[in-house]
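Next come the chains, spelled out residue by residue.
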Amino acid sequence: MTDALNSGEFRRILGHYPTGVCVVAALLDSGPVGMVVGSFTSVSLDPPLVAFLPDRKSTTWPQIEAAGRFCVNILAERQQAICKAFSSKSGNRFDTVPWRASASGVPVIEGVVAWVDCVLHAVHEAGDHYIAIGLVRARDVERADPPLIFVRGGYAAVAPL
């Protein structure tokens, strides 16, 4: 038998585990869209698959899903302002964020540590989130800066030991 789970307590406990901060972005006919995720992970090497977990209440995820192609932008530690811009609900998040299109046309944010260009491979329901799996089509490391990390309710940076 399991104890009743308090969502605030669950969040507090799991907040002790650091997560990387990424912006998942797609290009629509109306322009670029993007959202912050802290759930990006590698899934498979053969074929190369990655995943992230968008919230079912997200208004941006359905747009990215409909585009069928997206780019995961791994933010650098100095890109906290970009994280905050993409976490907000107001306006066009790309208005103040410099970006370029990858060879396939998805948004690559300038100054990121690395990016991964994907075609949507599968989507699975998982509680109050989805598991979105992308088939990697292109990728690159832009710079050797430390990535932006979120832990215990705040930002952090990590450096190799």
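What counts and what doesn't
- Throughout this description, residue numbers start from 1 for each chain and increase along the sequence as written.
- This being a predicted model, a pLDDT of at least 70 is required before a residue's local features are given, and a value of 80 or more before pairs of side-chain atoms are given or counted; all residues contribute to the totals for chains, interfaces and linings.
- Hydrogens are left out, water is left out, and the side-chain values use all remaining heavy atoms of the structure.
- Helix and strand assignments follow DSSP, with helices taken as H or I runs no shorter than four residues and strands as E runs no shorter than two, numbered in order from the N terminus.
- Relative accessibility decides the category of a residue: with a 1.4 Å probe and only protein chains considered, values under 20% of the type maximum give buried, values over 50% give exposed, and everything between is partly exposed.
- By the convention used here, residues are in contact when the closest approach between their heavy atoms is within 4.5 Å.
- Per-residue and other accessible areas follow the Shrake-Rupley method at a 1.4 Å probe size, with only the shown protein chains counted as cover for residues.
- His is not counted, nor are the chain ends, whereas Lys and Arg count as positive and Asp and Glu as negative.
- In plain terms, the charge of a residue is placed at NZ if it is Lys, CZ if Arg, CG if Asp and CD if Glu.
- Centres within 6.5 Å are what make two rings of Phe, Tyr or Trp a pair, Trp counting through its six-membered ring; a difference in plane orientation under 30 degrees is then read as stacked, over 60 as edge-to-face, and the rest as tilted.
- Here the term cavity refers to a set of points on a 1 Å grid, laid over the protein atoms alone, in which a 1.4 Å probe fits but cannot get out; the term pocket refers to an open set having protein on both sides within 12 Å along at least five of seven lines, with lining residues being those that place an atom within 4 Å of a point.
- Grid points are joined across faces, edges and corners, and a volume is the space filled by probe spheres set on the points.
- Classification convention: Asp, Glu, Lys, Arg as charged; Ala, Val, Leu, Ile, Met, Phe, Trp, Tyr, Cys, Pro as nonpolar; all other residues, Gly among them, as polar.

A. Representation of the overall build of the protein chain within the structure. Scanning the protein chain from terminus to terminus reveals three helices and twelve strands. C-alpha extents for the protein chain along the principal axes are approximately 50 × 40 × 35 Å. Relative to its 161 residues, the protein chain shows a buried fraction of 36%. Put simply, 65% of the contacts in the protein chain that link residues at least 6 apart link residues at least 24 apart. Carbon together with sulfur atoms contributes 56% to the accessible area of the protein chain, which is approximately 9400 Å² in total. Of the side chains in the protein chain, 14 bear a positive and 15 a negative charge, and the two mean positions are spaced by 4 Å.

B. Focus on unusual backbone geometry. Going from Asp 46 to Pro 47, the amide bond is cis rather than trans, its omega being 5°. Tracing the backbone through its elements, the reader meets Pro 47 in the loop between β4 (41-45) and β5 (48-52). Although it is not a glycine, Arg 152 adopts a positive phi angle of roughly 50°. On the secondary structure map, Arg 152 appears in the loop between β11 (148-151) and β12 (154-157). For Arg 152, a relative accessible area of 64% puts it in the exposed group.

C. Here's a closer look at the packing of aromatic side chains. Under the counting rule described, the total for this entry stands at five aromatic pairs. Judged by centre distance (4.9 Å) and plane angle (80°), the rings of Phe 86 and Phe 94 are edge-to-face. An identical accessibility class is assigned to Phe 86 and Phe 94; each is buried. Ring centres of Phe 150 and Tyr 155 lie 5.8 Å apart, and the angle between their planes is 80°; this geometry places the pair in the edge-to-face category. Through pairs of rings, three or more aromatic residues link up here, namely Phe 52, Trp 61 and Phe 70.

D. Spatial organisation of the layout of surface pockets. Empty space within the largest pocket amounts to approximately 1400 Å³. If you trace the largest pocket, you find 36 residues lining it, with Arg 11, Gly 38, Ser 39, Leu 53 and His 129 closest to the centre. Among the elements of the structure, α1 (7-14), β1 (19-20), β3 (31-37), α3 (80-87) and β11 are those that each provide at least two residues to the lining of the largest pocket. Split into classes, the residues belonging to the lining of the largest pocket amount to 16 nonpolar, twelve polar and eight charged. Here the second largest pocket is characterised by a volume of approximately 180 Å³.

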